[in-house]
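In case you want the letters, here they are:
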Amino acid sequence: IAVHTLKDGSTREVVPADDLVIHTTGGHQWSPDGTTYLLNGASATHKSATFAIDLRTGELRTLVTFTNAYAQMPQWLNAGRSLLYVVRDQLKAGARVVVHEIEGGAEREVLHGFESMPGAGFLASPDERTLAFVVGSADSPPDAIRLMPLSGGSSRRLLDFVWIGFAVLGLSLWMLAAQRK
């Protein structure tokens, strides 16, 4: 992993302490305190897991492991004490949205009411009370950005669109809102 510092233009390499294969299933992001980086991968000890890599030492911390599944688009919540992700089971159709407490491992499923969730992306709001997401399936491409409470429940349409590719632009609304504070 290369870390590039914008302030002085330097780049340094961080080599994971374990034999890690990094997966590109989204959700790679800095920890709230900026010392670790969240990523999905597989190692000699875990077939599929979400890790935090210490950006100073390369040490891997396993946050959650899976069998025949993976965490799609994992995101930090609760100042780095929880993760939000979509569980994609490779043997079952559909998906579950989960909030996982890192200490203790307790999980809470976020009930969303869709057969396929999400189709192209999802993101928690800066205040962690709302999810923005798009839903689609093999038969029906995403057609709107929807909002729902992180506690689960009914969603509402925020923005309709014609699917022409990856819908991350719409989900970046949270980023813009966070920067205005």
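Details of the structure are given in the entry above.
Q: An account of the nonpolar core is requested, with residue identities and associated values reported.
A: General note: in soluble globular proteins, nonpolar side chains tend to be found buried as a group. If you look at the biggest cluster of nonpolar residues, it comprises 14 residues, and the most contacted ones within it are L84, V97, V110, F122, L131 and L150. Breaking this core down by element, the ones donating at least two residues are β8 (69-77), β9 (82-89), β10 (96-101), β12 (121-124) and β13 (130-134). Counting 13 residues, the second-largest nonpolar core is a separate cluster that includes L38, F66, V87 and V98.

Q: Describe unusual backbone geometry, with residues and values.
A: Of note in this structure, N78 is not a glycine but carries a positive phi near 55 degrees. Relative to the helices and strands, N78 resides in the loop between β8 and β9. Even without being glycine, A79 reaches a positive phi, approximately 55 degrees. Relative to the elements of secondary structure, A79 occurs in the loop between β8 and β9. A residue is classified by how much of its surface remains accessible, and A79, at 55% relative accessible area, is exposed.

Q: A description of the packing of aromatic side chains should follow, citing residues and the corresponding values.
A: For any two aromatic rings, the description comes down to two numbers: the centre-to-centre distance and the angle of the planes. The tally for this structure, following the rule as stated, stands at two aromatic pairs. Ring centres of W30 and Y37 lie 5.5 Å apart, and the angle between their planes is 75 degrees; on these two criteria the pair is classed as edge-to-face. Where F66 meets Y85, the ring centres are 5.7 Å apart and the plane angle is 90 degrees; that geometry is what we call edge-to-face. With F66 in strand β7 (residues 60-66) and Y85 in strand β9, this residue pair connects regions lying 19 residues apart in the sequence. There is no split in this pair, since F66 and Y85 are both buried.

Q: How would you sum up the pattern of salt bridges? Please name residues and give values.
A: Applying the stated criterion across every chain yields a total of four salt bridges. Between R61 and E103 there is a salt bridge, with the nearest N and O atoms lying 2.9 Å from each other. Taken together, the residues span a long stretch of sequence, with R61 in strand β7 and E103 in the loop between β10 and β11 (107-110) at a distance of 42 residues. The class of E103 is exposed, set by a relative accessible area of 65%. E109 is the partner of R96 in a salt bridge, and the nearest nitrogen-oxygen pair spans 3.7 Å. Note that R96 is positioned in strand β10 and E109 in strand β11, a separation of 13 residues in sequence. Given a relative accessible area of 35%, R96 falls into the partly exposed group.

The rules behind the values
- Residues numbered from 1 in each chain as written.
- Predicted model: local features only at pLDDT ≥ 70, side-chain atom pairs only at ≥ 80, totals over all residues.
- Heavy atoms only, no water.
- Core = buried A, V, L, I, M, F, W, Y, C linked by side-chain atoms within 4.5 Å.
- Buried < 20%, exposed > 50% of the residue type's maximum accessible area, 1.4 Å probe, protein only.
- Helix = DSSP H or I, 4+ residues; strand = E, 2+ residues; numbered from the N terminus.
- Phe/Tyr/Trp six-rings, centres within 6.5 Å; stacked < 30°, edge-to-face > 60°.
- Salt bridge = Lys/Arg side-chain N within 4 Å of Asp/Glu carboxyl O.

Take it as geometry only, folks, not as evidence of what the structure does.
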